[in-house]
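# Residue-level structure breakdown
The primary structure of each chain is shown beneath.
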Amino acid sequence: MEEKIEKLILWLQEQVKNANLNGLVVGISGGIDSAVVAHLIKRAFPNNSLGVIMPCKSNPKDVEDAMKVVESSGINYVKIDLTETHNVLFTSIEKELKDKGEWDKEKARLGDANMRARLRMTTLYAVANNFGYLVTGTDNAAEWYTGYFTKYGDGGVDLVPLVNFTKGEVREMAKVLGVPKEIIEKAPSAGLWEGQTDENEMGTTYEMIDKYLKGEAVPDKDKQVIERMHRISEHKRNLAAKPPKF
Ligand SMILES: Nc1ncnc2c1ncn2[C@@H]1O[C@H](COP(=O)(O)OP(=O)(O)OC[C@H]2O[C@@H]([n+]3cccc(C(=O)O)c3)[C@H](O)[C@@H]2O)[C@@H](O)[C@H]1O
Ligand SMILES: Nc1ncnc2c1ncn2[C@@H]1O[C@H](COP(=O)(O)OP(=O)(O)OP(=O)(O)O)[C@@H](O)[C@H]1O
Ligand SMILES: [Mg+2]
């Protein structure tokens, strides 16, 4: 794993050099994926890396955990609270659609959640412009394959360094990098609504997705969930659809 980490760090340095920019920024959530990326970018660019903590109606525990990652990695950081911004934008959309009689409360929950991820993306790009940094994503192989991310939200990034690592490998990497134990052990969550966990929402587990990606046998029920998620999220892994020239 040490060797893979060294190669990843060189790769990160090369990407920034090729882009003619100065360094890297990442959103730090208090979860393991962003903890690993924060440690990696701090190692790649000790003086040109930044973590952004962006609570958005979030559980205060997430900010505490994000601060543990700031401490363990030693990364420079800034905290930008998006709660008020989200309120203003979301309630104005709600009002207009309600006035038209088109408000769907059920579907709105997902729209609300995805808006949090897209506001974070917008914030990261504003910060990246300011410093001349690239925006670093945190998706691992399991999330990328299943499309378990918000299109143009946490999926809207310049680099995805963890995309070839299963969740299990990300945990292994976290240990080597010195990510705090409690961050490594907590249940993965997008934190987009109270009590959300990735595995509850997906209907399968990272253990199963990792096995599937390694070509190992998984129960039929899990295989079907994974293959369906992959199929319906194909559009997220591509740029916008273009018609041919007529
Ligand atoms: N076939 C197609 N071709 C082109 N575009 C297509 C499309 N189908 C949908 N779309 C577009 O994509 C949109 C749906 O995609 P999207 O907006 O991403 O929304 P969606 O995939 O429905 O939801 C995002 C999922 O990712 C999870 N998530 C989000 C953020 C972070 C994390 C985490 O682990 O931390 C997890 C979240 O909990 C939720 O389950 C549609 O509204 C439509 O605009
Ligand atoms: N409150 C937040 N502040 C800053 N960035 C955030 C916040 N919430 C989410 N993000 C960004 O969105 C990314 C996607 O979230 P995701 O939950 O997949 O990763 P994670 O929280 O790092 O790890 P885990 O999957 O174990 O919860 C995060 O890695 C982080 O970059
Ligand atoms: Mg998370």
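- As recorded by an unreviewed UniProt entry, the protein chain carries the name NH(3)-dependent NAD(+) synthetase and is attributed to Caldibacillus thermoamylovorans.
- In its Pathway (unreviewed entry) section, the UniProt record describing the protein chain reads: "Cofactor biosynthesis; NAD(+) biosynthesis; NAD(+) from deamido-NAD(+) (ammonia route): step 1/1."
- We quote the UniProt Catalytic activity (unreviewed entry) comment for the protein chain here in full: "deamido-NAD(+) + NH4(+) + ATP = AMP + diphosphate + NAD(+) + H(+)".

## Remarks on the overall build of the protein chain
- A tally of helices and strands in the protein chain yields eleven helices and four strands.
- Computed over the C-alpha atoms, the radius of gyration of the protein chain is 18 Å, within 12% of the 18 Å expected from 2.2 N^0.38 for a compact globule of 246 residues.
- Its C-alpha atoms give the protein chain principal-axis dimensions of roughly 55 × 50 × 45 Å.
- Counting across all 246 residues of the protein chain, residues that qualify as buried make up 38%.
- Across the protein chain, the fraction of contacts at a sequence separation of at least 24, relative to all contacts at a separation of at least 6, is 73%.

## Remarks on the site of ligand 2
- Contacts to ligand 2 come from 23 residues, most closely from G27, S29, G31, S34 and T138.
- Element by element, the count of residues in the shell around ligand 2 is highest for helix 2 (residues 32-44), at three residues.
- Residue composition of the shell around ligand 2, grouped by class: nine nonpolar, eight polar and six charged.

## So, the site of ligand 1
- As a structural note, the neighbourhood of ligand 1 is formed by 16 residues, with A117, T150, K151, A190 and H235 the closest of them.
- Within the residue set of the shell around ligand 1, elements represented by two or more residues are helix 5 (105-131) and helix 9 (198-202).
- At four residues, the largest contribution of residues to the shell around ligand 1 is made by helix 5.
- Class assignment for the residues of the shell around ligand 1 results in seven nonpolar, four polar and five charged.

## Quick word on the sheet that holds strand 2 (residues 49-53)
- The four strands are arranged 3-2-1-4 in an open sheet whose pairing can be described as parallel. One side of each edge strand has no neighbouring strand; the edge strands of this open sheet are strand 3 (76-79) and strand 4 (133-135). The mean inter-strand angle of the sheet, taken between neighbouring strand axes irrespective of direction, is 25°.
- Pairing analysis gives four bridges linking strand 1 (residues 23-27) to strand 2, with the strands arranged parallel. Each residue of the ladder has a partner; that of V26, found in strand 2, is G51.
- Its contacts with the sheet place helix 2 against strand 1 and strand 2, and it is angled at close to 165° to strand 1.

## Digging into the UniProt feature "binding site: deamido-NAD(+)" (unreviewed entry) in the protein chain
- In this structure's numbering, the residues bearing the UniProt feature "binding site: deamido-NAD(+)" (unreviewed entry) are R118, K151, D158, H235 and K236.
- Along the chain, K151 turns up in the loop between helix 6 (141-146) and helix 7 (167-177).
- When the 15 C-beta atoms within 10 Å are taken as the criterion, K151 is described as partly exposed.
- Tracing the sequence through the fold places D158 in the loop between helix 6 and helix 7.

## So, helix 7
- Taken residue by residue, helix 7 has K167, V170, M173, A174 and L177 as its buried positions. For helix 7, the buried positions fall inside an angular range of 110° around the axis, keeping them on one side.
- Buried residues in helix 7 make contact with helix 1 (2-18), helix 2, helix 6, helix 8 (181-185) and helix 10 (206-213).
- Where helix 7 terminates, the next one or two residues include G178, which has phi positive at roughly 90°.

Cut-offs used in this document
- Residues numbered from 1 in each chain as written.
- Chains lettered and ligands numbered in written order.
- Predicted model: local features only at pLDDT ≥ 70, side-chain atom pairs only at ≥ 80, totals over all residues.
- UniProt positions renumbered as here; feature names shortened; annotations may be inferred.
- Helix = DSSP H or I, 4+ residues; strand = E, 2+ residues; numbered from the N terminus.
- Rg over C-alpha atoms; globule rule 2.2 N^0.38 Å.
- Buried ≥ 20, exposed ≤ 12 C-beta atoms within 10 Å, placed from the backbone.
- Contact = placed C-beta atoms within 7 Å.
- Near = placed C-beta within 6 Å.
- Nonpolar A, V, L, I, M, F, W, Y, C, P; charged D, E, K, R; others polar.
- Pairing = 2+ DSSP bridges.
- Axes fitted to C-alpha atoms, helices over the stretch in contact; angles between N-to-C directions.
- Arc of directions from axis to C-beta.

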